[in-house]
Amino acid sequence: MKIKVKNRPYAQVMAMPRPKRRKPLRPHMAFRTLIRALAIPDLMSAKFTYTTERMELVGDRPCLILMNHSSFIDLKIAYKIFFPKPLSIVCTSDGFVGKGLLMRLIGSIPTNKFVSDVRLIGDIKYALHEKQSNVLMYPEASYSFDGRATPLPRKLGVLLKKLNVPVVTVITSGAFSREPLYNCLQKRPVPVTAHVRCLLTPEELQEKSVAEIDAMLDEEFSFDGFAWQRDNNVKIDSPKRADGLNRILYRCAACGSEGHMEGKGTTLTCHHCGKVWHMDELGQLCAAEGETEFAHIPDWYQWEREQVRRELQAGEYSLDVDVDIAMMVNYSAIYRVGTGRLTHNENGFTLTGCDGQLHYEQGPRACYSLYADYYWYELGDIICIGNNDVLYYCFPKGGDVVAKTRIATEELYQMKKQRPERKKTEQMA
């Protein structure tokens, strides 16, 4: 999938009018039918099947559908399961670029990823209660990097209580293994399944506390794509299955160096110390020589998270990288505005560039995670920061920094969030 891109000066882009917020439309039956038909070939190739649980409790009432986000097949799965019921889809605002009218007609609701958007709550309520449309939402907000759930927003239970409609979860298995993001979305012949469950009825929502609801969501979104592949003996014999693995395993588990990893073919190699790991058909790693530090890829990724946390606690973490910069201020296009420099440390992000015209800062408590993506609209790997007025898409010019930056953003948010709470507790003691 591609996106419309134009080259424009920074000052000209900043002066452009912003789009007006419009209430979501109920998707027309013709568009629902078309999307369902277009989904058939991909679902057939994935041999898609699904099971249900407690869905009789939903009936004909509009519901909020929470689905895990693994690959491009996710939306096709949703249309297979819920057709012919209307679906209003909460999607990233850049999905509207170049096709705003079409996205509105199919019922999409735009929002900026990991940017506080109070208007989104009103749009969801309007779609559910006024338009009597189901609302599909990916609470993780971003694709999984390592096959496990990305952090969910805290106190999501507050929103669910306010909406007061049935909450349905759709958890897929196999979608990540079939088309992992790090692998540039190369498709593999992997069967995909889903479990559809009415997690909470309106009555159950009111009976439970926000903490209890959040705990239920955390348990529901506690999957592991690589473990699923291994435990179900799903063999992937693609000769390119390790391509791009360095995007998530950017730090050598043997020598600790960063920026020297290369995933290519069926191997992962550290060009600093020379160690090589082989990725088998079950998605597990084995060292060509010596100790296999982490056979399970998510364990390696978790170890990297622990190293980032240690760096942050010691005041050693920093990102300082040259970037190409693109911007989104409306749905007409993504605008390339020049080059600059992106830094990230305990004080948050700073982006400068465009011959000194651009200076943007974003604090560490701005959001709990980061809009970071691989092979974004076939343009490249990105780190996206910004607000409801403008988004900055930063394309790093060197090194695999995307995963580490997202990890650091998440860990830094938790650290900054906990410090005021500890201070308040100490003052009360």
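Up top is the structure these notes are about.
In this text the structure is predicted, and so the values were computed from the model without any measurement.

Details of unusual backbone geometry
Working step 1: Note that the residue after Phe83, namely Pro84, is joined by a cis bond; omega there is 10°.
Working step 2: Of note in this structure, Phe114 is not a glycine but carries a positive phi near 55°.
Working step 3: Mapped onto the elements, Phe114 comes out in the loop between strand S5 (109–111) and helix H5 (118–130).
Working step 4: A relative accessible area of 12% places Phe114 in the buried class.
Working step 5: Even without glycine at this site, Tyr377 takes up a positive phi of about 45°.
Working step 6: The topology assignment puts Tyr377 in the loop between strand S17 (371–376) and strand S18 (380–386).

Details of the layout of surface pockets
Working step 1: Empty space within the second largest pocket amounts to approximately 500 Å³.
Working step 2: Lining the second largest pocket are 27 residues; nearest its centre among them are Pro19, Lys20, Arg21, Pro110 and Tyr331.
Working step 3: Secondary-structure elements contributing two or more residues to the lining of the second largest pocket are helix H4 (100–105), S5 and H5.
Working step 4: Class assignment for the residues of the lining of the second largest pocket results in eleven nonpolar, seven polar and nine charged.

Side note on the side chain of Thr172
Working step 1: Mapped onto the fold, Thr172 is located in strand S7 (residues 167–173).
Working step 2: Those residues in contact with Thr172 that sit more than four places away from it in its chain are Met67, Asn68, Ser70, Ile77, Thr193 and Ala194.

Let's talk about the sheet that holds S7
Working step 1: Strand order in the open sheet formed by seven strands is S2-S8-S7-S3-S6-S4-S5, with mixed pairing between adjacent strands. Either end of the sheet is taken by a strand with one partner, and the two such strands are strand S2 (49–53) and S5. Ignoring which end each strand starts from, the neighbouring axes of this sheet average 20° apart.
Working step 2: The pairing of strand S4 (residues 87–92) with strand S6 (residues 134–137) spans three bridges and is classified as parallel. If you follow Ser88 over to S6, its bridge partner there is Val135.
Working step 3: Its contacts with the sheet put helix H3 (residues 73–82) on S2, strand S3 (64–67), S4, S6, S7 and strand S8 (193–200), and the angle it makes with S4 is roughly 170°.

Considering the sheet that holds strand S11 (residues 276–279)
Working step 1: Taken in spatial order, the four strands line up as S9-S10-S11-S12 in an open sheet, and their pairing is antiparallel. Strand pairing shows two members of the sheet lacking a second neighbour, strand S9 (261–264) and strand S12 (285–287), which therefore form its edges. With direction set aside, neighbouring strand axes in the sheet form an average angle of 20°.
Working step 2: Pairing of S9 with strand S10 (residues 267–270) involves four bridges; the strand directions are antiparallel. Bridging from a neighbouring strand, Glu262 pairs with Thr269 of S10.

With respect to the packing of aromatic side chains
Working step 1: One pass over the full model with this rule turns up 15 aromatic pairs.
Working step 2: Ring plane angle 85° and centroid distance 4.8 Å describe the contact between Trp376 and Tyr377, whose orientation is recorded as edge-to-face. Both residues of the pair, Trp376 and Tyr377, count as buried.
Working step 3: With a centroid separation of 4.5 Å and an interplanar angle of 25°, the aromatic rings of Trp376 and Tyr393 are classed as stacked. A residue pair is termed long-range when its members are at least 10 positions apart, and Trp376 in strand S17 and Tyr393 in strand S19 (residues 391–396) qualify at 17 residues.
Working step 4: Residue Trp376 is classed as buried on the basis of its relative accessible area, which comes to 1%.
Working step 5: Sitting above the plane of the Tyr126 ring, Lys23 keeps its charged end 4.8 Å from the centroid.

Things to note about empty space enclosed by the protein
Working step 1: Under the defined criterion, the tally for this structure stands at two cavities of 30 Å³ or more.
Working step 2: What the largest cavity holds in volume is close to 140 Å³.
Working step 3: As for the largest cavity, its lining consists of 21 residues, and the residues nearest its centre are Phe349, Gln362, Cys367, Ser369 and Leu370.
Working step 4: Of all the elements in the fold, those that place two or more residues in the lining of the largest cavity are strand S15 (348–353), S18 and helix H12 (402–428).
Working step 5: Within this model, the second largest cavity holds a volume of roughly 60 Å³.
Working step 6: Lining the second largest cavity are 13 residues, and of these Tyr182, Arg188, Gln229, Ile236 and Met279 lie nearest its centre.
Working step 7: Secondary-structure elements contributing two or more residues to the lining of the second largest cavity are helix H7 (175–178) and helix H10 (225–231).
Working step 8: Broken down by class, the residue content of the lining of the second largest cavity amounts to six nonpolar, three polar and four charged.

Some thoughts on the nonpolar core
Working step 1: Judged by nonpolar contacts, the single largest core of 62 residues is most densely connected at Phe145, Leu245, Ile248, Trp300, Leu342, Leu351 and Tyr392.
Working step 2: If you look at the next biggest cluster of nonpolar residues, it comprises 30 residues, including Ala46, Ile73, Val168 and Val192.

Thresholds, definitions, all that
Residues numbered from 1 in each chain as written. Predicted model: local features only at pLDDT ≥ 70, side-chain atom pairs only at ≥ 80, totals over all residues. Heavy atoms only, no water. Helix = DSSP H or I, 4+ residues; strand = E, 2+ residues; numbered from the N terminus. Buried < 20%, exposed > 50% of the residue type's maximum accessible area, 1.4 Å probe, protein only. 1 Å grid on protein atoms, 1.4 Å probe; cavity = no way out; pocket = protein on both sides within 12 Å on 5 of 7 lines; lining within 4 Å. Points joined across faces, edges and corners; volume = space filled by probe spheres on them. Nonpolar A, V, L, I, M, F, W, Y, C, P; charged D, E, K, R; others polar. Contact = heavy atoms within 4.5 Å. Pairing = 2+ DSSP bridges. Axes fitted to C-alpha atoms, helices over the stretch in contact; angles between N-to-C directions. Phe/Tyr/Trp six-rings, centres within 6.5 Å; stacked < 30°, edge-to-face > 60°. Lys NZ or Arg CZ within 6 Å of the ring centre and 35° of its normal. Core = buried A, V, L, I, M, F, W, Y, C linked by side-chain atoms within 4.5 Å.

Any link to function would need more than the numbers given here.
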